[in-house]
Amino acid sequence: MKLSLLSLCTLLALLLLPVSCSPAPEQGPESPGVQEMDHATEAHGSPEEGGDGKAVEEDSEDELSSEGMAQLAGNAVALRLLGQEITVKEVLEYFRMSQSSRKHPVVSAQRNGDALSTREQKALQKLLQGAIQRKVLLQEARKAGMVPTAEDRHRLSLLWSATNPGQTLDDYLARFPESPENPLQISRKDALLLLKYLEAKLAEVEIPEKLWQDTLQQRRKLQEVFDQEMAKKLEEFKAIAEMDGFHTDEGFCLLARNFSEGTESAQGGVFSTPMTRQEIEDCNWGQPFTLKKGESSALIETPTSYRYIRVLEEYPPQQAGGEETLKVAQILLSKRQLEGIPTEEQLQQRLRKSLQAQWTLAHIAPTLRSQEFDCPLFPLILENWLPTAQ
């Protein structure tokens, strides 16, 4: 299955985030929000959170492998990437720059060589992964000989406006410097190049047909279980009409308190305001309503619910030509979808996001496992980020 054209929000999510080989938590159908390319620590969570949207843990120093971090001087090499050496001082400066707009920054002080807490180190590692990912992808874009044209910018601008109401692509690109001040930053021109590159490459990713069919089969099984449960609830709901009290005002209201899912169930199913027959018919999707005082309806089905209605009182029109109103009570069963069962469109979005992340990892892995990469600051930075080498 060919993937549809990516929104710039999705492109930016992949561009910004240090994707991991670990399974990502299930997301809702919402598209990822737009985040700055130089603020990768914000990509998954709030300022008080780590890069995956979860609170930064304090007990994972081993996985950071940062014991030597406090011993590294500001001018020591923190990262070697694509022939460039980046110092500890430059990394920390970039980290602080990424925190500057936060109300509660992870970095609690403007340190100069002081050891960071474990929580700060985790946030720094996430940020560094995002910067590394961008640098490697940018090199690939340049190798491919891509150069953004005026037509590219126009197309991307239209796509941006469609997915980011109230903001233009130019507004966003203006956040990036013409000439980066820090080696981990990217320029405005490079940001546009990356968008073009990812748009072209990630649009080529396809969902394997077997994976798609297996995913649909899992969804069908979940839906079947839910449908069986709803069928059982409906049979129980139908039995209410045979219960004692269904044809009396007092009994009907008691049944509503015990069985109705309506918000008025605590009041015995009684609506707070009398309704006209037309209003009741509108609630029932146009089905005629002819009940008189003291009568309970048969089961009424609409596209969204099942219900019983009882007329408790009839009020004559308050003025000439007006309509009579009715005091009514209802017993309601909603037709709701099982929470957690995504639509096919949502399934495609999730699979697309996963496969595109895998593409990104496969694309950057050879460089990061070569002699072009070394990270003395975090020697284990590739673990739990890139998949295990075959």
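Residues numbered from 1 in each chain as written. Predicted model: local features only at pLDDT ≥ 70, side-chain atom pairs only at ≥ 80, totals over all residues. Heavy atoms only, no water.

1. Focus on the nonpolar core
Right, so step 1: Counting residues in each nonpolar core, the largest one holds 56 residues, and the members touching the most others are L79, L128, I132, L368 and L377.
Right, so step 2: Within the residue set of this core, elements represented by two or more residues are β1 (77-81), α3 (88-99), α4 (118-143), α5 (150-163), α6 (169-173), α7 (188-202), α8 (209-238) and α11 (344-368).
Right, so step 3: The dominant element in this core, judged by the number of residues it contributes, is α4, at ten residues.
Right, so step 4: When near neighbours in sequence (up to four residues on either side) are disregarded, I132 contacts L79, L81, L368, F373, I381 and W385.
Right, so step 5: Judged by nonpolar contacts, the second largest core, of 15 residues, contains C253, L255, Y306 and L312. (Core = buried A, V, L, I, M, F, W, Y, C linked by side-chain atoms within 4.5 Å. Buried < 20%, exposed > 50% of the residue type's maximum accessible area, 1.4 Å probe, protein only. Helix = DSSP H or I, 4+ residues; strand = E, 2+ residues; numbered from the N terminus. Contact = heavy atoms within 4.5 Å.)

2. Digging into helix α9 (residues 249-259)
Right, so step 1: Within the sequence span of α9, burial applies to G251, F252, C253, L255 and A256.
Right, so step 2: In this fold, the buried residues of α9 make contact with β5 (305-315) and β6 (325-334).

3. Brief notes about the side chain of K196
Right, so step 1: Its place among the elements puts K196 in helix α7.
Right, so step 2: Since its relative accessible area comes to 16%, K196 is described here as buried.

4. Things to note about the side chain of Q139
Right, so step 1: Tracing the backbone through its elements, the reader meets Q139 in helix α4.
Right, so step 2: Apart from the residues within four sequence positions on either side, Q139 is in contact with L82, T367 and E372.

5. Describing the packing of aromatic side chains
Right, so step 1: Counting across every chain of the model gives six aromatic pairs.
Right, so step 2: Summarising the aromatic geometry, the rings of Y172 and F176 are spaced 5.4 Å apart at their centres and angled 65° between planes, so their arrangement reads as edge-to-face. The pair Y172 / F176 is uniform in exposure class, with both members buried.
Right, so step 3: Their ring planes at 55° and their centres at 6.4 Å tell us that Y197 and W359 sit as a pair that is tilted. Note that Y197 is positioned in helix α7 and W359 in helix α11, a separation of 162 residues in sequence.
Right, so step 4: Classification of Y197 as buried rests on a relative accessible area of 1%.
Right, so step 5: Residue placement shows K335 over the ring face of Y306; its charged tip is 4.8 Å from the ring centre. (Phe/Tyr/Trp six-rings, centres within 6.5 Å; stacked < 30°, edge-to-face > 60°. Lys NZ or Arg CZ within 6 Å of the ring centre and 35° of its normal.)

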